[in-house]
Amino acid sequence: MSESSISLNTCILILKEHHLLKSCATQDVVSTKMDYISYDSRDIKTNTLFFCKGKGFRPTYLSYAKENGAICYVAEQPYPEGKGMHALIVSNVTKAMSLLSAAFYRFPQDDLFLIAFTGTKGKTTSAYFLKGILDKLNGGRTALFSSVDDVVGPKPEDRFKSSLTTPESLDLFRDMRRAVDNGMTHLVMEVSSQAYKKNRVFGLTYDLGFFLNITPDHIGVNEHPNFEDYLHCKLQLMVNSRKCIINAMTDHFDEIYAAATTTTNPDSIYLFARNDYDNPDLKRPIDFRFASVETDMCETKFKLYSETDAARNIPVEGNYSLKMIGDFNEINATAAIIGAGLAGVNYQDCYDGIKNVTIPGRMETLTTAHHGTVIVDYAHNKASMIALMSFMQKEFDSPKIIVVVGAPGDKGISRRAGFSESLSLYANQVFLTTDDPGFEDAQVIADEIAAGIDHDRCQVMIELDRQKAIAEAIKEAKDDDVVLICGKGADPYQKIRGVDTPYPTDIKVAQEVINKLEN
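Small disclaimer: the values here were computed from a predicted structure and weren't measured.

About the criteria used
- Sequence order sets the numbering: in each chain, residues are counted from 1 along the sequence as written.
- Given that the model is predicted, a residue must reach a pLDDT of at least 70 before its local features are reported, and side-chain atom pairs must reach 80 or more before they are shown or counted; all residues, however, enter totals for whole chains, interfaces and linings.
- Heavy atoms from the whole structure form the basis of all side-chain values; hydrogens and water molecules are not counted.
- Only DSSP runs of H or I reaching four residues or more are called helices, and only runs of E reaching two or more are called strands; each is numbered from the N terminus.
- For the radius of gyration, the atoms used are the C-alpha atoms, and the globule rule reads 2.2 Å times the number of residues raised to 0.38.
- Only protein chains enter the area calculation, which uses a 1.4 Å probe; residues under 20% of their type maximum are buried, those over 50% are exposed, and those in between are partly exposed.
- Every residue pair with non-hydrogen atoms within 4.5 Å of one another is taken to be in contact.
- Think of it this way: DSSP has to see at least two bridges between two strands before they count as a pair.
- Axes, fitted as lines to C-alpha atoms, cover a helix only where it is in contact. Angles between the N-to-C directions of the axes lie from 0 to 180 degrees.
- Here, nonpolar core means buried Ala, Val, Leu, Ile, Met, Phe, Trp, Tyr and Cys residues that are tied together by side-chain atoms lying within 4.5 Å of each other.
- Each angle gets one of four labels, with under 35 degrees taken as roughly parallel, over 145 as roughly antiparallel, 65 to 115 as roughly perpendicular, and the rest as oblique.
- The sense of a crossing depends on the near helix, which, turned anticlockwise from the far helix by less than a right angle, makes the crossing left-handed and, turned clockwise, makes it right-handed.
- Each direction from the helix axis to a C-beta atom contributes to the arc, which is the arc of those directions.
- Polarity classes work like this: nonpolar for Ala, Val, Leu, Ile, Met, Phe, Trp, Tyr, Cys and Pro, charged for Asp, Glu, Lys and Arg, and polar for all others, with Gly in that last group.
- Stacked, tilted and edge-to-face are the three classes applied to pairs of Phe, Tyr and Trp rings, where Trp contributes its six-membered ring and a pair requires centres within 6.5 Å; stacked means planes under 30 degrees apart, edge-to-face means over 60, and tilted covers the rest.
- Whether a charge sits over a ring comes down to the Lys NZ or Arg CZ being within 6 Å of the ring centre and within 35 degrees of the ring normal.

Draft legend 1. A look at the overall build of the protein chain. A tally of regular secondary structure across the protein chain gives 16 helices and 26 strands. Relative to its length of 519 residues, the protein chain is compact, with a C-alpha radius of gyration of 24 Å against a globular reference of 24 Å. Oriented by its inertia axes, the alpha-carbon framework of the protein chain measures out at about 75 × 55 × 45 Å. By residue count, 57% of the 519 residues in the protein chain fall in the buried class. Put simply, of all contacts in the protein chain between residues at least 6 apart along the chain, 66% involve residues at least 24 apart.

Draft legend 2. Local environment of the sheet that holds strand 21 (residues 401–405). Judged by pairing direction, the sheet is mixed, and its 6 strands sit side by side in the order 19-20-24-21-22-23 without closing on themselves. Among the strands making up the open sheet, the edge pair consists of strand 19 (364–367) and strand 23 (459–462). The sheet shows a mean angle of 15 degrees between the axes of neighbouring strands, direction not considered. Two elements, strand 19 and strand 20 (residues 373–377), share 4 bridges in a ladder whose sense is antiparallel.

Draft legend 3. Looking closely at the nonpolar core. With 110 residues, the main nonpolar core has Tyr-206 and Ile-246 as its most contacted residues. Apart from residues lying up to four places away in sequence, Tyr-206 is in contact with Leu-114, Ile-115, Ala-116, Met-189, Val-191, Tyr-196, Val-201, Leu-237, Asn-240, Ser-241 and Arg-242.

Draft legend 4. Structural context of the packing of helix 3 (residues 93–104) against helix 5 (residues 169–181). At a closest axis distance of 8 Å, the pairing of helix 3 and helix 5 adopts a crossing angle of 15 degrees. By the criterion of interaxial angle, the relationship of helix 3 to helix 5 is roughly parallel. With respect to the hand of their crossing, helix 3 and helix 5 are arranged in right-handed fashion. Taking contact as the criterion, the partners of Thr-94, Met-97, Ser-98, Ser-101 and Ala-102 in helix 3 are, on helix 5, Ser-169, Leu-170 and Phe-173.

Draft legend 5. Main features of the environment of Val-460. For Val-460, the location among the structural elements is in strand 23. Placed 226 residues apart in sequence, Val-460 and Lys-234 show a C-alpha to C-alpha distance of 35 Å. Contact partners of Val-460, with chain neighbours within four places excluded, come to Val-430, Leu-432, Ala-450, Ile-453 and His-455.

Draft legend 6. Inspection of helix 1 (residues 8–17) at higher detail. All buried positions along helix 1 are accounted for by Leu-8, Cys-11, Ile-12, Ile-14 and Leu-15. Summarising the axial view, the buried residues of helix 1 lie within an arc of 165 degrees, below the 170-degree limit, and thus occupy one face. For helix 1, exposure combined with an orientation more than 90 degrees from the buried face picks out Leu-13, Lys-16 and Glu-17. Of the residues flanking the end of helix 1, it is His-19, one or two places downstream, whose phi is positive at about 55 degrees.

Draft legend 7. Broad picture of the packing of helix 7 (residues 227–239) against helix 8 (residues 253–261). As a packed pair, helix 7 and helix 8 sit with axes 8 Å apart at the nearest point and diverge in direction by 40 degrees. It follows that helix 7 is oblique to helix 8 by the angle criterion. In this structure, the crossing between helix 7 and helix 8 has a hand that is right-handed. Facing helix 7, whose interface residues are Leu-231, Leu-235, Met-238 and Val-239, helix 8 presents Glu-255, Ile-256, Ala-259 and Ala-260. Here the contact of helix 7 with helix 8 is built from residues that sort into 7 nonpolar, no polar and 1 charged.

Draft legend 8. Local environment of the sheet that holds strand 4 (residues 36–38). Spatial ordering of the open sheet is given by 2-7-6-5-4, a layout of 5 strands whose pairing is mixed. The sheet is open, and its two edges are formed by strand 2 (21–25) and strand 4, each paired on a single side. Ignoring strand direction, the axes of neighbouring strands in this sheet form an average angle of 15 degrees. Bridge analysis of strand 4 against strand 5 (residues 48–51) gives 3 bridges, and the strand direction is parallel. Pairing of Ile-37 across the sheet is with Leu-49, part of strand 5. Contacts from helix 1 reach strand 2, strand 5, strand 6 (70–75) and strand 7 (86–90), with the element oriented near 10 degrees to strand 7.

Draft legend 9. Quick look at unusual backbone geometry. Not every positive phi belongs to a glycine, and Met-363 is a case in point at roughly 50 degrees. Inspection of the secondary structure assignment puts Met-363 in the loop between helix 11 (347–354) and strand 19. Phi at Thr-505 is positive, roughly 85 degrees, even though this residue is not glycine. Of note, Thr-505 is situated in the loop between strand 26 (499–502) and helix 16 (506–518). Residue Thr-505 is classed as buried on the basis of its relative accessible area, which comes to 10%.

Draft legend 10. Structural context of the packing of aromatic side chains. Applying the stated criterion to the full structure yields 13 aromatic pairs. Centre to centre, the rings of Phe-50 and Phe-57 are 6.4 Å apart; their planes meet at 45 degrees, and the pair counts as tilted. Accessibility classification places Phe-50 together with Phe-57 in one group, the buried group. Residues Tyr-320 and Tyr-351 carry aromatic rings whose centres are separated by 6.3 Å and whose planes lie at 35 degrees to one another, so their mutual orientation is tilted. Taken as a pair, Tyr-320 in strand 18 (residues 318–322) and Tyr-351 in helix 11 lie far apart in primary sequence, 31 residues in all. For Tyr-351, a relative accessible area of 24% translates into the label partly exposed. In textbook terms, an aromatic cluster arises when at least three aromatic residues are bridged by ring pairs, as seen for Phe-50, Phe-57, Tyr-61, Tyr-73 and Tyr-79. A cation over a ring is seen here: Lys-53 above Tyr-39, with NZ or CZ 5.0 Å from the ring centre.

Quick look at the structure:
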């Protein structure tokens, strides 16, 4: 990656411009420059600009950073440990970090066509679909920031597992610069509600912003205090996008559309929905509609229609085929195709680019001789669980549905009641197990989910060893049953008490179980 630096004077000017600077203790402002930036006291070089951020920040971290070469710190209060350093005291350190990181890495967003997806479900699939199409347009020069993988270049070392759906701002701008230096021209990314809650994308404006859907999620002590806060954070993507694409079928549509119109002309807002969707309260026509043609366990076929003049100016109408099964993926694909059309892709390239897209841990299917169909999917909240199980119910003509699932600790507390509700509606049997328990007791989490399940409709088993739970579920299944292994997808670890503990992934565990049973 090319060398970067930022002068102290530039930092002061940027912070003043955005009304963030409360005070500063500096000397030799003009000639002082920083050659590295960090928010981690273990990652310090000579002449580092250091950000004092996070609930767990301790003044000793600043002492350690100073000893190792940090010469300036940014914080919301002055620290005695920073004596002798330049100090920039700000009203909001996460906003300051985003703005100064963008400047340090020479505003890489200006050299990329920026596209962002938000929604309770479907962000990852939509992002992968759009990357698949755009790669046809630009010869594989589409960067990706997702909850599965980050891609910042064409080489194997430029693809790596992501640690957050949306990275911390400093990491985000660093990876964007790396993508630009690698010749990438487009960036498709997921933007979580936490990204706006914690100012990870503060100051960014997107060329295209998508709102897929919203249902209650990520509500808890360490996340959003209530649904209103969750929705408010999601809406910020609409406010910060030049063109907005909205699923007209989503809950809270009026609020989402209103947010989009605060900064975007209605001519640059595009709506899409199923062909049979009707909302008499809608104050404008739906631009694109889609209809199922055929969906089975091999492929999903659907047709996209252009309904308005604005839509007809984007040449993407036609029939499409997906390797990603499930009628719910038609929504994700439609969003991606509209986005591709707005980026200049024609119908044929859209068709060719999307038809073979697959995603690790999303709707991965294993067939067995005598233990039914086994499916690994990342479904990890009420909405995605209902979409997955209802599709299986239709596809297999009301089979016995056996589910393996757990809920994470320390976050997403609201998901637990959602799991109970969705399992009561569709599952015949569930194995409650461990899924990133963090600092919580996995047994307590499982008991919490179990308490909300209708035990007359769904048989509940608790097996905290996830590999054993998967094995028991597959052993239990008969020829025509469906086993759904939900939540972790392709994650190769369990988050346990602050440690990423290696885990072989659900698909590998399931395949090994099937091999042993049918050897």
